[in-house]
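# An overview of the molecular structure
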Amino acid sequence: MKFNQMNRRTFIGTTLVGAAASVLPLPAIANTGPVKIGMISPLTGSGGSYGPNIVKAAQVVATQINDAGGILGGRMIEIIAEDSETNSTASVRAARKLLDVNQVSAIVGMWGSGPTLAVKPLAIEKGVSLSCLGAADAITEGDTQGLIWRFQATGREWGVPAAKAMLAAGHKKVGILAVQTAFTQSMIAPFIETIEAGGGQVVVQAEVKPDQPTFRAEVDKVMGQDVTAVFLPAYIAQFTSIAKEWYRGGYKTELYTLTIAASAGVNGGGKFISAVGNEVGEGIHHLQPTNDSSSAVYKEFESLMGAKAGTFLPFSALCADSLAVQVGAMERAGTADATVYTKEILTITNGPGTATSGAVNLLNAIRAGQDVNYTGYGMDVSFYSNGNLKDRPFGHFVIQNGIDIELGLV
Amino acid sequence: MIGYLTAILVVVLISALVALALNLQWGQAGMVNFGIFGFFAATSYVAALSSLAGYPLLISLVLAILTGVALSALVALVSARLREDYFAIATLAFAEAVRLFLLNETWLTGGANGLPGIPRPLSAYSSGQSYELLFFVMALVLAAICFAFAEALTKSPFGRVLRALREDDLVAATLGKHVLSFRIWAFSAGGAILGVAGYLHSSYFGYIDPTQFGAFVTAYAFMAVIAGGRGSNTGLLFGAVSVMVLLEGTRFLKDLMPFLDAGQAASLRLILIGAGLILLLIYKPQGFFREHRLRVDKGDTK
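Residues numbered from 1 in each chain as written. Chains lettered and ligands numbered in written order. Predicted model: local features only at pLDDT ≥ 70, side-chain atom pairs only at ≥ 80, totals over all residues.

### Quick look at the overall build of chain A
Within chain A, the secondary structure is distributed over 17 helices and 14 strands. On C-alpha atoms alone, chain A measures out to a radius of gyration of 23 Å, which is about the 22 Å that the 2.2 N^0.38 rule sets for 410 residues. Along the first, second and third principal axes, the C-alpha set of chain A runs to 80 × 60 × 40 Å. A burial count over chain A gives 54% of its 410 residues as buried. Restricting the contact set of chain A to residue pairs at least 6 apart, pairs at least 24 apart contribute 68%. (Helix = DSSP H or I, 4+ residues; strand = E, 2+ residues; numbered from the N terminus. Rg over C-alpha atoms; globule rule 2.2 N^0.38 Å. Buried ≥ 20, exposed ≤ 12 C-beta atoms within 10 Å, placed from the backbone. Contact = placed C-beta atoms within 7 Å.)

Here it is, written out as structure tokens:
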């Protein structure tokens, strides 16, 4: 079977030819092939309950855009999703693949502060735009060269409304039970400041690891104190266990958390309420930046996602917005080169111009040469020049009979 | 593609260094170090903090190595008399203490936010793609030095005593070997290599946070050592490469299966990694290589 054997020279020869062949056609493809958009999302690990819907959001919007003829004169959008494993070192390896092998034009759906901070220098070095869903302040600090865009409120913005809502409800002695992640930790200092400025007192403070098997000791420690309400910055995985412990312990303390952890949805279709049942969920308060779920474009988005009307889909709409804004800016600038097109992001999100929502509407308006002000899937999208999303009012909800009731804006 | 391969090779070198340390401590001396990620975290943070404070490459590297040696010596000193399983638990407890320290001493370590913007060494000499190659060469040189160090220890009489301690410390003690001091030296030698690994890790990633140092670091190191063949330094290089091929190769396999949704593809990837390791253990339970043995030439037996 001599013909099957490969000697060293043939091997080196074919390897070199193969390597050369893989490099040569690239410049030719770059302007006519698909526009590649990478994603680094938490498909496994402690953020694993959010990732699949984040990726799906980008995929359904990309399909919608492609069905309407693509961008930049007919180029299709190709989404390449990688698993961040909710871990910054795995995210860096994923980013290397997306940047060096797939040669993506932008990365969207970058979830979590740690992974984002780890990937940020690579994206800047490659001149690729990074749209993230992480809350740590450091993400947009330093010279980002206009490439880093945060589609998420900062930690400070999450901490203050929760404190205000608790003060407004008359809670003066409160506790904190926080998960140790960059996102949730960044809310604590502004929360305490606001409570103390409002004449209240943080009586007890405890922290839990994201992957603890049980939270009973910490729940007992905090709820056993003389407190009338507890603030619980957490994700859905931890909050589900914490709420069960709270219910089992028969505590009268009121719980305040984030909508991403505890949404029941106005239709009762939220993951949290399906996991714990109506009795445990009863009376839990949660807050998030306002989301106009009644808008036509949000309803269309929900049906694309295959969700019932009124289901809260954490991070998904913001991820869809980040894709819409990136491709809108590409269309406006006429190129997929991030060092050029990201300069158009502020013009299409902050206006002045016609209020436009949804990716396809945005692209059509830009092609028609209109000035646009992108308003997003459910939430208005406007940026500060450093890439931070502008503050929005927070909606305050309470779960009653297994559905979310909005109590008003904070 | 070259940029990606260089990046992956640097990551392989770092994990091979962690495995090399584990091979000295566990493979040779029989000291099960489940808490290896704690030592790795401590040296990474020391390297990062000293780089951020403006110290040059060599000083940061030496500080990281000294931290590794000092912490390892301390842990070995207070717990080396524990039997194998209890020693493993003690190291795990140490690593957990390190993790809690890193999470809570925000003034020093940045807490859960970690330390961003760690300066990259030698960046004055090169940038972009060629910098990646330069860093790879630097990592390769450091790894080669550590490898030579570990090989020298393994083949020396010192290494022979370690293997004797691993098999039966009572026999070694009866022969007049001071068990405790040998164990402390072996553990500290591993700590020195972890110092190099920590320095490379923090300066390569440019950002560190506590989530980078979890039990999975220990798991990958054990996988590399077991796959390579316990006790064999050459083997663990192959082990570290095989683990990375499993971790990264599955990313490309997933790209060939567009009919799976993202969540399914990610789960399948983890299943494949697990299946790969199980197959490895079934078909190569002793690993790829044997540990170093003294060879006696025929002439010498006469």
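### Describing the overall build of chain B
A count of helical and extended segments in chain B gives twelve helices and zero strands. Going from the N terminus to the C terminus, chain B shows its helices and strands as α-α-α-α-α-α-α-α-α-α-α-α. Taken over C-alpha atoms, the radius of gyration comes to 20 Å for chain B, in line with the 19 Å a tight globule of 302 residues would show. Principal axes of the C-alpha set define a box for chain B whose edges measure 60 × 45 × 35 Å. Long-range pairs, those at least 24 residues apart, make up 78% of the contacts in chain B between residues at least 6 apart in sequence.

### Examining the interface of chain B and chain A
Taken together, the contacts link 29 residues of chain B with 31 residues of chain A. Of all elements in the fold, only α1 (2–28), α11 (233–255) and α12 (262–283) of chain B reach the threshold of two or more residues within the side of chain B that touches chain A. If one sorts the elements of the side of chain B that touches chain A by residue count, α12 of chain B sits on top with six residues. Partitioning the side of chain B that touches chain A into residue classes produces 13 nonpolar, eleven polar and five charged. (Nonpolar A, V, L, I, M, F, W, Y, C, P; charged D, E, K, R; others polar.)

### Here's the deal with the sheet that holds strand β5 (residues 148–150) of chain A
All names here are of chain A. Taken together, five strands build an open sheet; the order of strands is β2-β1-β3-β4-β5 and the sheet is parallel. At either margin of the open sheet sits one strand with a lone partner, and together these are β2 (77–83) and β5. Looking at each pair of strands side by side, their axes are set apart by 20° on average, direction ignored. Sheet topology note: the strand β1 (residues 35–41)/strand β3 (residues 106–111) ladder contains three bridges and is parallel. Bridging from a neighbouring strand, I37 pairs with A106 of β3. (Pairing = 2+ DSSP bridges. Axes fitted to C-alpha atoms, helices over the stretch in contact; angles between N-to-C directions.)

### Some words on the domain arrangement of chain A
All names here are of chain A. For chain A, the domain assignment lists domain 1 (2–150) and domain 2 (155–295 + 391–409). Between the C-alpha centres of domain 1 and domain 2 the distance comes to 34 Å. Taken residue by residue, the interface counts nine residues in domain 1 and eleven residues in domain 2. (Domains from an automatic or database assignment.)

### Overview of α12 of chain B
Taking 1.5 Å of rise per residue, 22 residues should cover 32 Å, and α12 of chain B covers 31 Å from first to last C-alpha, within 8% of that figure. Those residues of α12 of chain B lying buried are A262, G263, A265, A266 and R269 of chain B. The secondary structure elements touched by the buried residues of α12 of chain B are α3 (51–67) and β2 of chain A together with α11 of chain B. (Expected span 1.5 Å × (residues − 1).)

### Examining the packing of helix α6 (residues 128–155) of chain B against helix α9 (residues 179–205) of chain B
All names here are of chain B. Two numbers describe how α6 lies on α9: the axes approach to 11 Å, and their chain directions differ by 170°. Here α6 is positioned roughly antiparallel relative to α9, judged by the angle of their axes. Facing F135, A139, L142, C146, A150 and L153 of α6, the residues of α9 in contact are A189, I193, V196, L200 and Y204. When grouped by side-chain class, the residues that make up the contact of α6 with α9 number eleven nonpolar, no polar and no charged. (Parallel < 35°, antiparallel > 145°, perpendicular 65-115°, else oblique.)

### A look at helix α13 (residues 296–304) of chain A
It helps to recall that an α-helix has 3.6 residues per turn; residues three or four apart then point in one direction. Residues and elements named next belong to chain A. Those residues of α13 that sit buried are V297, Y298, F301 and E302. All buried residues of α13 lie within an arc of 145° about the axis, which places them on one face of the element. Facing away from the buried side of α13, by more than 90 degrees, are the exposed residues A296 and S303. In the core, the buried residues of α13 are packed alongside α14 (316–333). Of the residues one or two after α13, G306 is the one with positive phi, at around 75°. (Arc of directions from axis to C-beta.)

### Let's talk about the confidence of the model for chain A
Close inspection of predicted coordinates is inappropriate for parts of the model with low pLDDT. Scored by pLDDT, chain A comes out at a mean of 86, with 92% of its residues at no less than 70. A low-confidence stretch, residues 21–29 of chain A (pLDDT under 50), is modelled with one contact involving residues beyond four sequence positions or located in other chains. (pLDDT = per-residue confidence, 0-100.)

### With respect to the pairing of β1 of chain A
Residues and elements named next belong to chain A. Counted residue by residue, β1 has six buried out of seven residues, so it is predominantly covered. Sheet analysis places β1 next to β2, joined by seven bridges and oriented parallel. Counted as the bridge partner of M39 is A81 from β2. Where the polypeptide runs from β1 across α3 and back to β2, its parallel neighbour, the crossover connection is right-handed. (Right-handed = clockwise from strand over helix to strand, strands pointing away.)

### Comments concerning unusual backbone geometry
The phi torsion of most residues other than glycine is negative, and most of the peptide bonds are trans. Residues and elements named next belong to chain A. Cis peptide bonds are those with omega within 30 degrees of zero, and the linkage from G351 to P352 qualifies with 5°. If you trace the backbone, P352 turns up in the loop between α16 (345–350) and β11 (354–356). The backbone phi angle of N401 is positive, close to 50°, even though this residue is not glycine. Within the secondary structure, N401 is located in the loop between β13 (394–400) and β14 (403–409). The class of N401 is exposed, set by 11 C-beta atoms lying within 10 Å.

### Examining the environment of T290 of chain A
Residues and elements named next belong to chain A. Tracing the chain through its elements places T290 in the loop between β10 (285–289) and α13. As for T290 and H396, which are separated by 106 residues in sequence, their C-alpha atoms are 8.7 Å apart. Apart from the residues within four sequence positions on either side, T290 is in contact with M379, R392, P393, F394, G395 and L409.

### Digging into the pairing of strand β6 (residues 173–179) of chain A
Residues and elements named next belong to chain A. Buried residues dominate β6, accounting for six of its seven residues. Here β6 pairs with strand β7 (residues 201–208) via seven bridges, running parallel. Note on β7: the bridge partner recorded for I176 is Q205. One crossover worth recording links β6 to the parallel β7 by way of helix α7 (residues 182–197), and it is right-handed.

### Brief notes about the environment of E302 of chain A
Residues and elements named next belong to chain A. Structurally, E302 can be placed in helix α13. For the pair E302 and A368, spaced 66 residues apart in sequence, the C-alpha separation works out to 27 Å. For E302, the residues in contact, after removing those within four places along its chain, are A307, A309 and T311.

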